[in-house]
Amino acid sequence: MSNPVTSHQMSDPALAHTIETFVATLGADSLSEFALTPLDTVAVPVWATWWTGDGSATGGIGYGLTEQRARVGALGECVEHVCAWRALRTRARRSGSSA
């Protein structure tokens, strides 16, 4: 019996472009990504990403109605973390208190 969520795995050109852009932003050599769908029990596609570079590392998990959408979600989380890290890594750090 096919899963109604994953049985219509059509490729979306806009999502394919987004994936290409995210991979280019992160750098393919610094990125690992893989589908967790076969290991997960939530009955929707799941992808994981892991990025390492310049002494930092981060990851992302993405869920979606298709494998492609789940991959975009996981890559998007990595892009958020990495772009913030790249923008702030050279900024002076301040210590403070909320007291």
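Residues numbered from 1 in each chain as written. Predicted model: local features only at pLDDT ≥ 70, side-chain atom pairs only at ≥ 80, totals over all residues. Heavy atoms only, no water.

1. Digging into the confidence of the model for the chain
- Considering every residue of the chain, the mean pLDDT works out to 88; 89% of them sit at 70 or more.
- This stretch, residues 1–8, has a pLDDT under 50; its non-local contacts, to residues over four places away or in other chains, come to 9 contacts. (pLDDT = per-residue confidence, 0-100. Contact = heavy atoms within 4.5 Å.)

2. Some remarks on the pairing of strand β3 (residues 56–63)
- Direction of pairing for strand β2 (residues 46–53) relative to β3: antiparallel, over a ladder of 8 bridges. Across the sheet, the residue bridging to Trp 47 is Gly 62, located in β3.
- In textbook terms, the turn of a hairpin is the stretch between consecutive antiparallel strands, and for β2 and β3 this stretch comprises 2 residues, one of which, Asp 54, has a positive phi near 50°. (Pairing = 2+ DSSP bridges. Helix = DSSP H or I, 4+ residues; strand = E, 2+ residues; numbered from the N terminus.)

3. Observations regarding helix α1 (residues 13–26)
- Compared with an ideal rise of 1.5 Å per residue, which puts 14 residues at 20 Å, α1 spans 20 Å between its outermost C-alpha atoms and is within 8% of the ideal.
- Leu 15, Ile 19, Val 23 and Leu 26 are the residues of α1 that are buried. Looking straight down α1, one finds that the buried residues subtend no more than 75° of arc, so they occupy a single side. Seen from the buried face of α1, the exposed residues on the opposite side, beyond 90 degrees, are Pro 13, Ala 14, His 17, Glu 20 and Ala 24. (Expected span 1.5 Å × (residues − 1). Buried < 20%, exposed > 50% of the residue type's maximum accessible area, 1.4 Å probe, protein only. Arc of directions from axis to C-beta.)

4. Observations regarding helix α2 (residues 67–88)
- Its 22 residues place the ends of α2 32 Å apart at the C-alpha level, agreeing with the 32 Å of an ideal helix rising 1.5 Å per residue.
- Taken residue by residue, α2 has Gln 68, Ala 70, Val 72, Ala 74, Leu 75, Gly 76, Cys 78, Val 79 and Val 82 as its buried positions.
- Tucked into the core, α2 has its buried residues touching α1, β1 (31–35), β2 and β3.

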